[in-house]
Amino acid sequence: MTNAPRPYESYVYAYPHKTAYRPLADRPALRELWADERKDALSLYLHIPFCEVRCGFCNLFTRIGAPDELTTRYLDALDRQATAVADALHARAATAVRFAAAAFGGGTPTFLDAGELERLCDIAEKRMGADLRAVPLSVETSPSTATADRLSVLAERGATRVSIGVQSFVEEEAKAAVRPQRRSEVEAALGRIRDARIPVLNIDLIYGIDGQTPESWRLSLDAALAWRPEELYLYPLYARPLTPLGRRAHPSEAGWDAQRLDLYRRGRDHLLAQGYEQVSMRMFRRSGAPREGADDYACQTDGMIGLGCGARSYTSDLHYSFDYAVGMREIRSIIDAYTTTEDFSRAEVGRAVDADEARRRHLLQSLLQAEGMAVEGYRERFGSRPADDFPAELDRFADLGWLDTDAGPGLLRLSPRGLAYSDALGPALFSPAVRAAMASYEAK
């Protein structure tokens, strides 16, 4: 077996990543981009870029607070954008435009108050035409913003899944992750979510926090399991550039990798023993739980409509968004520019997805799922086999012990070791062009 790379290179939640996007010189009109696309099973994502605090590990596109009625101005802009996008979708639609799934993310969507959440739902329904009570609707929240009035709005408007970022039930660990919170506040928020009777509760936990031990990790796992969540996500901690943790000293790479890998395996084994199935490296679903939300990596699906200045949209051959940043000053500037924009009829920043990139993306998003990928399905879509298109990559994965040798010739599936190394395997499928664009991106 060849020497294995580091297990935690990067979390691949979208490909190509936004750092590979660039300003689009031709600024294509949305009605032309969507003219020939299928529109009968679109996904809708509304992005709210506000949080009450900035967690130490967070590199999401979000800002702390919203002074001077910024949420009102942001929702006004979101309404204008939704109107422009809906007009583009319906301009040359051969069949009815239909949404099959919806999600509110961020940031923290429940940073909005109850009345503003009503307006957000109205934008999705009245402007975009999504029937939120008829499709899966996933919403992200936090302990301090999961209030009864907000959750009541979400439940009444059709939310089928709420995901809450707890990260750790140990107060010292939460503080070390620059996520100060009291366990009593977390437990109270979980109680309110259960009282709202939203079908799926997901709890996010993080491993690899400074000072975390196998015993404290087990404590957080058991505290989460006490609520019998339908889903649990276990995230490795990253210290990314321009984040609070990224500016601090952190453990040696080798030691930290070993700690995270050990905690991952302990968490995985404990959840499997408690009746959960592994969906991906991060995602675990309780056996028999309803599938009311999108699985991990589903945000990469073609036919995605993203609204808000941090959201991506995907056609079959172009991914597009707005400018991207991690630093607070730059994020505030981008949000301010978004709120004053009147014309949302064109794509501004993005990246073309050619046939090779489409193959890479499909293989990546399929292989990182625990169930694996049917080779015949890939052949039907692309007219070739994965082994023909990516022989060097798949041979290397096999040499590293990342592929399940018992899966049979018709299925590409990761071994338990391969799933554990998902954050190394995913980046290994990036094209040279995408790698070069990401490397040349100037962080801001």
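Predicted model, so just to flag it, every value in this text is computed and none were measured. (Residues numbered from 1 in each chain as written. Predicted model: local features only at pLDDT ≥ 70, side-chain atom pairs only at ≥ 80, totals over all residues. Heavy atoms only, no water.)

A.B. asks: Mind showing me how you'd approach the side chain of R150 here?
C.D. replies: By the secondary structure assignment, R150 is in helix α4 (residues 148-157). The buried charged residue R150 lacks any salt bridge, with D149 as its nearest oppositely charged partner at 4.7 Å. From its side chain, R150 meets the backbone oxygen of T110 in a polar contact 2.7 Å long. At 2.7 Å, the side chain of R150 forms a polar contact with the backbone oxygen of L112. If near-sequence neighbours (up to four positions away) are discounted, R150 is found in contact with T110, F111, L112, D113, A114, L117 and T145. (Helix = DSSP H or I, 4+ residues; strand = E, 2+ residues; numbered from the N terminus. Buried < 20%, exposed > 50% of the residue type's maximum accessible area, 1.4 Å probe, protein only. Lys, Arg positive; Asp, Glu negative; His and termini not counted. Salt bridge = Lys/Arg side-chain N within 4 Å of Asp/Glu carboxyl O. Polar contact = N/O pair within 3.5 Å; in protein donor to acceptor, adjacent residues only side chain to side chain. Contact = heavy atoms within 4.5 Å.)

A.B. asks: Help me understand helix α10 (residues 355-367), please; the structure alone is not making it clear to me.
C.D. replies: Along an α-helix, a turn takes 3.6 residues, which lines up residues three or four apart on a common side. Here α10 contains 13 residues, and its C-alpha end-to-end distance of 18 Å stays within 8% of the 18 Å for a straight helix at 1.5 Å per residue. Across the 13 residues that make up α10, a large majority, 10, are buried. Along α10, the residues that are buried comprise E357, R359, R360, R361, H362, L363, L364, Q365, S366 and L367. Structurally, the start of α10 carries an N-cap: the backbone nitrogen of D356 is 3.2 Å from a side-chain oxygen of D354. (Expected span 1.5 Å × (residues − 1).)

A.B. asks: Any chance you could explain α4 here in plain terms?
C.D. replies: Taken as a whole, α4 has its buried residues at R150, L151, V153, L154 and R157. All buried residues of α4 project into a common sector of 155 degrees when viewed along the axis, lining one side. Against α3 (114-127), β6 (137-141) and α6 (183-195) lie the buried residues of α4. Immediately downstream of α4, the backbone of G158 shows phi near 115 degrees, a positive value. (Arc of directions from axis to C-beta.)

A.B. asks: I would appreciate a short explanation of the pairing of strand β15 (residues 349-352) in the present structure.
C.D. replies: Consecutive residues of a regular strand have side chains that alternate between opposite faces of the sheet. Relative to β15, strand β1 (residues 22-23) is paired through two bridges, and the arrangement is antiparallel. Looking at the pairing, R22 lines up with G350 of β15. Where strand β14 (residues 318-321) meets β15, four bridges bridge the pair, whose relative direction is antiparallel. From the neighbouring strand, L318 faces β15, where its bridge partner is A352. (Pairing = 2+ DSSP bridges.)

A.B. asks: Any chance you could explain the nonpolar core here in plain terms?
C.D. replies: Where a protein is soluble and globular, its nonpolar side chains tend to be buried together. L44, M128, L205 and I305 are the most contacted members of the largest nonpolar core, which totals 131 residues. Of the residues forming this core, the biggest block, 11 residues, is contributed by helix α2 (residues 70-91). Look past the residues within four positions of I305 in its chain and what remains in contact with it is W34, L42, S43, L44, Y45, V85, L89, F99, M128, R312 and S313. (Core = buried A, V, L, I, M, F, W, Y, C linked by side-chain atoms within 4.5 Å.)

A.B. asks: Honestly, the packing of α3 against α4 in this entry has me stumped. Any pointers?
C.D. replies: In a packed pair of helices, the relevant descriptors are the angle between the two axes and the axis-to-axis distance. Running from N to C, α3 and α4 cross one another at 20 degrees; their axes reach a closest spacing of 8 Å. Judged by the inter-axis angle, α3 sits roughly parallel to α4. With respect to the hand of their crossing, α3 and α4 are arranged in right-handed fashion. Of the residues in α4, those touching α3 at A114, L117, E118, C121, D122 and E125 are D149, R150, V153, L154 and R157. Grouping the constituent residues of the contact of α3 with α4 by class yields five nonpolar, no polar and six charged. (Axes fitted to C-alpha atoms, helices over the stretch in contact; angles between N-to-C directions. Parallel < 35°, antiparallel > 145°, perpendicular 65-115°, else oblique. Left-handed = near helix turned anticlockwise from the far one by under 90°. Nonpolar A, V, L, I, M, F, W, Y, C, P; charged D, E, K, R; others polar.)

A.B. asks: Help me out: how do you make sense of the packing of aromatic side chains in this one?
C.D. replies: Centre distance and the angle of the planes are the two values used to describe a pair of aromatic rings. Summed over the entire model, instances satisfying the criterion amount to 17 aromatic pairs. Measuring from centroid to centroid gives 6.3 Å for F322 and F344, while their planes differ by 85 degrees, and the two rings are edge-to-face. Separated by 22 residues along the polypeptide, F322 in the loop between β14 and α9 (328-339) and F344 in the loop between α9 and β15 bring together distant segments of the chain. Considered together, F322 and F344 belong to a single accessibility category, that of buried residues. Through a chain of ring-to-ring contacts, three or more aromatic side chains come together here, namely F50, Y74, F111, F322, Y338 and F344. Positioned over the ring face of Y238 is R260, at 5.7 Å from the centre of the ring. (Phe/Tyr/Trp six-rings, centres within 6.5 Å; stacked < 30°, edge-to-face > 60°. Lys NZ or Arg CZ within 6 Å of the ring centre and 35° of its normal.)

A.B. asks: How do you make sense of the confidence of the model for the protein chain when you look at a structure like this?
C.D. replies: Low pLDDT means the predicted atomic positions in that stretch should not be read closely. The pLDDT averaged across the protein chain works out to 91; a share of 92% of its residues lies at or above 70. Here residues 296-300 is modelled with pLDDT under 50, and outside its nearest four sequence neighbours on either side it reaches 25 contacts, counting other chains as well. (pLDDT = per-residue confidence, 0-100.)

A.B. asks: Would you mind going over the pairing of strand β7 (residues 161-167) with me for this structure?
C.D. replies: In terms of burial, β7 is largely enclosed, as seven of its seven residues are buried. Side-chain alternation along β7 places R161, S163, G165 and Q167 on one buried face and V162, I164 and V166 on a second face that is also buried. Two elements, β6 and β7, share four bridges in a ladder whose sense is parallel. Bridge pairing links V139 to V162 in β7. As paired strands, β7 and strand β8 (residues 200-207) are joined by six bridges and run parallel to one another. Each bridged residue has a counterpart across the sheet, and for Q167 the counterpart in β8 is L205.

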